[in-house]
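# A closer look at the structure
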Amino acid sequence: MSLLRGLLGMELIGRSVRLFLDFQEKPASLGTFFILIDKEVIYICPFNGPIKGRVYITNYRLYLRSLETDSALILDVPLGVISRIEKMGGATSRGENSYGLDITCKDMRNLRFALKQEGHSRRDMFEILTRYAFPLAHSLPIFAFLNEEKFDVDGWMVYNPVEEYRRQGLPNHHWRITFINKCYELCDTYPALLVVPYRASDDDLRRVATFRSRNRIPVLSWIHPENKTVIMRCSQPLVGMSGKRNKDDEKYLDVIRETNRQVNKLTIYDARPNVNAVANKATGGGYESDDAYHNAELFFLDIHNIHVMRESLKKVKDIVYPNVEESHWLSSLESTHWLEHIKLVLTGAIQVADRVSSGKSSVVVHCSDGWDRTAQLTSLAMLMLDSYYRSIEGFEILVQKEWISFGHKFASRIGHGDKNHADADRSPIFLQFVDCVWQMSKQFPTAFEFNERFLIIILDHLYSCRFGTFLYNCESAREKQKVTERTVSLWSLINSNKDKFKNPFYTKEINRVLYPVASMRHLELWVNYYIRWNPRIKQQQPNPVEQRYMELLALRDEYIKRLEELQLANSPKLSDPSTSPSSPSQMMPHVQTHF
């Protein structure tokens, strides 16, 4: 340990010094990692009181093992989850356990450690945590670039935009694939490959880009396989206070409408409240007016901005961690407005899906810049309309396409490796989307191939920095950093062990449109995510019905296997090959499973 302490202030990454934790149950291999801290602390557990333990900090995560019980692992926290580290108390602080560290996490929990007051005992722990939880502030690489995990499946191969558009029947005689953005010159936050109307030339697109915020022009996200109406996404028009118009933009939206001759109007859904859209005119933005866009109708969806969502989630954390106040639970939950925001997002997505499914018109969706509320609405509407996205691989493609490739600002919204916890750009927009998906899965328990664990592991690794999937703000930044070459994809982890994330009740249905009920009476707080750190809540897991169903399925598989073995054992005794089954599987239709 003296050698280790001597190395604490040194840069360990890339050195040949390799120190591994000798745990009774070793964590999943992450390649090379280093023990940076190994010391005794008091963990101030909010549920069980002070616990004497031993903390180990590597360049990836923090472990705490109790010294009072049978070496049980109490904490396992990826450093990427840490949002803020504060010193608690001073050298002269009085009172038991008043000196130590306070750690705020991004996943709805806080950690508090008490240390001895003499000899600056917390200094090394504070410095190491600060250094490796916020590597960008110390010119260090994010852990994903050091992760050497190997999987049987390459998750980076999951999404191929050409293949996904081909699955949708594109290109066709109305829609074409353009590579105008292959070097990200048209729009640096859009993907390289875009689908646009066949009648719109690349020069038309360049002119339209000058009138859309961040050059995010209307492009196709999804086309209905039968009625051929489409979902388009973009950013707000740059109308400004003077009410500027752009003939190219107006004509382009008309071209989009005319790709489907059966509809007379194009529907524009502006995700913002009307008052916010009007206010955006003062900063050069705005919305499509009736007098400029004659063949379009505009609806505002009243979904609030990133700052409102951030404050709402803070209020949720206040009421769920560390303790739930039973006597005022309903009023406390209502005061957060979290479920109200979930309702508005779902309601907006239902309107988009219904308009397209009914064939009434094609739809253009935007908010301000088209990378937050827009992504929520397009991806949820596509999830409702297209059963493929409700499979494990389909959902991964949906996230990769509508969120990652189309430039949701993950780095800014999550703050990967960044110490600026008070950054106004932080916001739980993607968490809100996943919450909406969970609400849908509760209302349609057989419609989704994936289970709750699948959604939770996605959210856990949204923060962990173990994988490269959610790093950076846009595709161009990921290409510049060679993320797909230098990091591992989260989908590699999930797809190499799909059974763990499968919903046993899943029934595959083609072309079934899901319309969730978005009333407050049918929405509920996602307890197994937001309150999972409370041990009383954890006792409710797993779902007993799902567990029993899985046991019965396993029993069925065991009986089938035994039947096959018996058939193989008896096959030499069967004299007439014409009357005997050629393989055990031919007997399977006769196996009855009453469960």
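The name recorded for the protein in an unreviewed UniProt entry is Myotubularin, from Phocoena sinus. In UniProt, the protein has this text filed under Sequence similarities (unreviewed entry): "Belongs to the protein-tyrosine phosphatase family. Non-receptor class myotubularin subfamily." The UniProt entry for the protein carries the following comment under Subunit (unreviewed entry): "Heterodimer with MTMR12. Interacts with KMT2A/MLL1 (via SET domain). Interacts with DES in skeletal muscle but not in cardiac muscle. Interacts with SPEG."

### Let's talk about the overall build of the protein
When you go through the protein residue by residue, the secondary structure sums to 20 helices and 14 strands. Out of the 595 residues belonging to the protein, those deemed buried represent 53%. For the protein, restricting intrachain contacts to residue pairs at least 6 apart in sequence, the fraction spanning at least 24 positions comes to 70%. Surface accessibility of the protein: about 27500 Å² in total, with carbon and sulfur atoms responsible for 49%.

### Regarding the packing of helix α9 (residues 338–357) against helix α10 (residues 373–385)
Look at α9 against α10: their axes get within 8 Å of each other, and the N-to-C directions meet at 55 degrees. Classified by the interaxial angle, the pair formed by α9 and α10 is oblique. For the crossing formed where α9 meets α10, the hand is right-handed. For the pair α9 and α10, the contacting residues are V345, L346, G348, A349, I350, V352, A353, V356 and S357 in the first and Q376, L377, L380, A381, M384 and L385 in the second. By residue class, the composition of the contact of α9 with α10 is 12 nonpolar, three polar and no charged.

### A few points about the pattern of salt bridges
When the charged atoms of two side chains lie near each other, side chains of opposite charge can form a pair. The final tally for this structure, using the stated rule, is 37 salt bridges. We note a salt bridge from D202 to R176, for which the minimum N-O separation is 2.8 Å. Separated by 26 residues along the polypeptide, D202 in helix α4 (residues 202–209) and R176 in strand β8 (residues 175–178) bring together distant segments of the chain. One network of salt bridges, in which partners are shared, links D38, E40, K52 and R54.

### Observations regarding the sheet that holds strand β6 (residues 100–105)
Read across the open sheet, the seven strands follow the order β4-β3-β2-β1-β7-β6-β5; overall the sheet is antiparallel. Two strands bound the open sheet, and with one partner strand each, they are β4 (73–78) and β5 (82–88). In this sheet, adjacent strand axes meet at a mean angle of 30 degrees when their direction is disregarded.

### Considering the environment of W533
Note that W533 resides in the loop between α18 (527–530) and α19 (535–538). By relative accessible area, which is 21% here, W533 ends up partly exposed. Taking the C-alpha atoms as reference points, W533 and M108, 425 residues apart in sequence, are found 8.2 Å from one another. With residues up to four places along the chain from it excluded, the contact list for W533 reads F47, D107, M108, R109 and Y321.

### Some thoughts on unusual backbone geometry
Note that the residue after L170, namely P171, is joined by a cis bond; omega there is 0 degrees. In this fold, P171 is placed in the loop between α3 (161–167) and β8. For the bond from Y321 to P322, the omega torsion is 0 degrees, close enough to zero to count as cis. Within the chain, K228 stands out as a residue other than glycine whose phi angle is a positive 65 degrees. We classify K228 as partly exposed; its relative accessible area is 36%.

### Describing empty space enclosed by the protein
One pass over the full model with this rule turns up four cavities of 30 Å³ or more. One number sums up the size of the largest cavity: a volume of about 140 Å³. Along the wall of the largest cavity there are 16 residues; nearest its centre are N59, Y132, P135, I142 and F143. Broken down by class, the residue content of the lining of the largest cavity amounts to 12 nonpolar, four polar and no charged. As a volume, the second largest cavity reaches approximately 60 Å³. Taken together, S387, R390, A447, Y506, T507, E509, R512 and L514 make up the full set of residues lining the second largest cavity. Across the lining of the second largest cavity, the residue classes tally to three nonpolar, two polar and three charged.

Procedures and definitions
Residues numbered from 1 in each chain as written. Predicted model: local features only at pLDDT ≥ 70, side-chain atom pairs only at ≥ 80, totals over all residues. Heavy atoms only, no water. UniProt positions renumbered as here; feature names shortened; annotations may be inferred. Helix = DSSP H or I, 4+ residues; strand = E, 2+ residues; numbered from the N terminus. Buried < 20%, exposed > 50% of the residue type's maximum accessible area, 1.4 Å probe, protein only. Contact = heavy atoms within 4.5 Å. Areas by Shrake-Rupley, 256 points an atom, 1.4 Å probe, with all protein chains shown as cover. Axes fitted to C-alpha atoms, helices over the stretch in contact; angles between N-to-C directions. Parallel < 35°, antiparallel > 145°, perpendicular 65-115°, else oblique. Left-handed = near helix turned anticlockwise from the far one by under 90°. Nonpolar A, V, L, I, M, F, W, Y, C, P; charged D, E, K, R; others polar. Salt bridge = Lys/Arg side-chain N within 4 Å of Asp/Glu carboxyl O. Pairing = 2+ DSSP bridges. 1 Å grid on protein atoms, 1.4 Å probe; cavity = no way out; pocket = protein on both sides within 12 Å on 5 of 7 lines; lining within 4 Å. Points joined across faces, edges and corners; volume = space filled by probe spheres on them.

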